[in-house]
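# Geometric and topological summary
Here's the letter readout for the chains.
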Amino acid sequence: MSVKFNNKRPSHDLEAGDDDEHHELQPKGGKEAPSAPKVRQTPGQYIRSAPGRVKDSFSKDCCLGCMKDNLKVLLLILAIFAGTALGFGLRAQGFHLVPRKVMYVSFIGDVFLNMLKIVILPLIVSSLVSGLAALESQTSGKIGARAVIYYFTTTVMAVILGIALVEIIRPGDVGKRHANGTAIPQVASSPTEPTTTVDTFLDLIRNMFPPNLVEATFKQHKTALLPPKGFNSSWFPNDTGTLPDYSGFIIESKKIDGINIMGLVVFSILFGITISRLGEKGKPLKLFFDSLNEVTMSIVGTIMWLAPLGITFLVAGQVLKVEDFGAMLEQLGMYFGTVLLGLLLHAFIVLPAIFFAFTRHNPYTYIVGSMQAFATGFATSSSSATLPITIRCVEEKNGVDPRISRFVLPVGKFFN
């Protein structure tokens, strides 16, 4: 997949009107004036001049410029730590024992999360349509095929990495006993809703082609399996590793709450490709979706200035909602560590290696440019809420062509 970078003009290029000044500096006869000979420093002089070079590299203007460019990222990181400190401080005051106080603390964070989620629908539709409308149908097909192959490959690699870590660490075995050897009482898991792999796959295809586009903005299809008359739970074997038999269950189609992302993505892709094929006839629609996308991104930029406040109370609320940190760490500590290790390996080794293999550029420069999206995702635990910030980061910080980012990232949201 091709990536477009923001290439700045080299500093040695002459601006328009600089030719006269350049010729005035030339000596008569057309020969350049001899440059002053360079003074070679001794090792001792070079070492003694190091503080001055470091001072020049980290000048006041340089530091201020760096802080200004990454101000939102710094504020988000500070907000995560501030929210954690606030949550533990309020726990010490007994706030976690009163549900209404927990709700009050979480209120600002919930409002901020809703503000991010409300722009998801117009962002996905406008970004996909405007991005594909600006591409030729053949180009969009190549980009789409490469995106699907990339997401499928990285998903398989993530699954393999997760299975390998679980087999090596075995977090489930560690959490079954206390440090003194006594068994930890296991909480009985609630019965899950019966489902099959085939039904899940068929629901995926059904959601790709919703019968009502308006309904797809807040409902999605799901196949439900209802037990027949005379159902006995003993039909299902316990802990035998075999799959239960649902062949005798009654199949019922129902609508559940939630945006049908897949249906909207497929419709937007077809809509954008059709606008591109129409040429001049589709130009008014293209301009409309371009404007809609710019307005949506502007709204996202405004919301992100409220992110430090929202994330502070969002994290504090999550800290208050945990009933017992000691028991949670004892039972889930190894599981949490395994998941965190897998995420770090996949995000900072596997994916950067793929990036470097295809682009020959430093992948960690891109990661630094996307830190605002990382921090938002960590605080909100929502890929949907992070999508607007991700698009903004890759376009403004990393210089990715908007036609690529506005097509590939919403598709990646579906794969996620």
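Report on the accompanying structure. (Residues numbered from 1 in each chain as written. Predicted model: local features only at pLDDT ≥ 70, side-chain atom pairs only at ≥ 80, totals over all residues. Heavy atoms only, no water.)

### Observations concerning the overall build of the chain
Helix and strand content of the chain: 18 helices and two strands. Counting across all 416 residues of the chain, residues that qualify as buried make up 31%. Within the chain, contacts between residues separated by at least 24 positions form 78% of all contacts whose residues are at least 6 apart in sequence. If you sum the accessible surface of the chain, you get close to 27100 Å²; carbon and sulfur atoms cover 64% of it. (Helix = DSSP H or I, 4+ residues; strand = E, 2+ residues; numbered from the N terminus. Buried < 20%, exposed > 50% of the residue type's maximum accessible area, 1.4 Å probe, protein only. Contact = heavy atoms within 4.5 Å. Areas by Shrake-Rupley, 256 points an atom, 1.4 Å probe, with all protein chains shown as cover.)

### A word on the nonpolar core
Counting 23 residues, the largest nonpolar core has Ile124, Leu128, Val265, Ile269, Phe407, Val408 and Val411 as the members making the most contacts within it. Residue assignment for this core shows that the elements contributing at least two residues are helix H7 (120-133), helix H8 (137-169), helix H11 (261-278), helix H17 (383-396) and helix H18 (402-415). At five residues, the largest contribution of residues to this core is made by H7. Discounting residues that sit within four places of it in the chain, Val265 has contacts with Ile124, Leu128, Pro410 and Val411. (Core = buried A, V, L, I, M, F, W, Y, C linked by side-chain atoms within 4.5 Å.)

### Details of the pattern of salt bridges
Counted by the stated rule, this structure contains nine salt bridges. Note that Arg403 is salt-bridged to Asp401, the shortest N-O span being 2.9 Å. Each of Glu294, Glu395 and Arg406 takes part in a single network of salt bridges with overlapping partners. (Salt bridge = Lys/Arg side-chain N within 4 Å of Asp/Glu carboxyl O.)

### A few points about the environment of Thr274
Mapped onto the elements of the fold, Thr274 is located in helix H11. Expressed as a C-alpha distance, the spacing of Thr274 and Val129, which sit 145 residues apart in the sequence, is 9.5 Å. A polar atom in the side chain of Thr274 sits 2.7 Å from the backbone oxygen of Leu270. (Polar contact = N/O pair within 3.5 Å; in protein donor to acceptor, adjacent residues only side chain to side chain.)

### Notes on the packing of aromatic side chains
Here the structure, examined in full by the defined rule, presents six aromatic pairs. Consider the rings of Phe267 and Phe271, whose centres lie 5.6 Å apart with planes at 25 degrees: the pair is stacked. Taken together, the residues span about one helical turn, with Phe267 and Phe271 both in helix H11 at a distance of four residues. Cluster of aromatic residues (ring-pair linked, three or more members): Phe267, Phe271, Phe288 and Phe289. The ring of Phe95 carries Lys101 above its face, with NZ or CZ at 4.8 Å from the centroid. Its end group placed over the ring of Phe356, Arg360 keeps NZ or CZ at 5.4 Å from the ring centre. (Phe/Tyr/Trp six-rings, centres within 6.5 Å; stacked < 30°, edge-to-face > 60°. Lys NZ or Arg CZ within 6 Å of the ring centre and 35° of its normal.)

### Regarding unusual backbone geometry
Phi at Arg170 takes a positive value of approximately 55 degrees, unusual for a residue other than glycine. Mapping Arg170 onto the fold places it in the loop between H8 and helix H9 (171-174). The exposure class of Arg170 is partly exposed, given its relative accessible area of 42%. Look at Arg360: it is not a glycine, yet its phi comes out positive at around 60 degrees. Note that Arg360 resides in the loop between helix H14 (325-359) and helix H15 (363-369).

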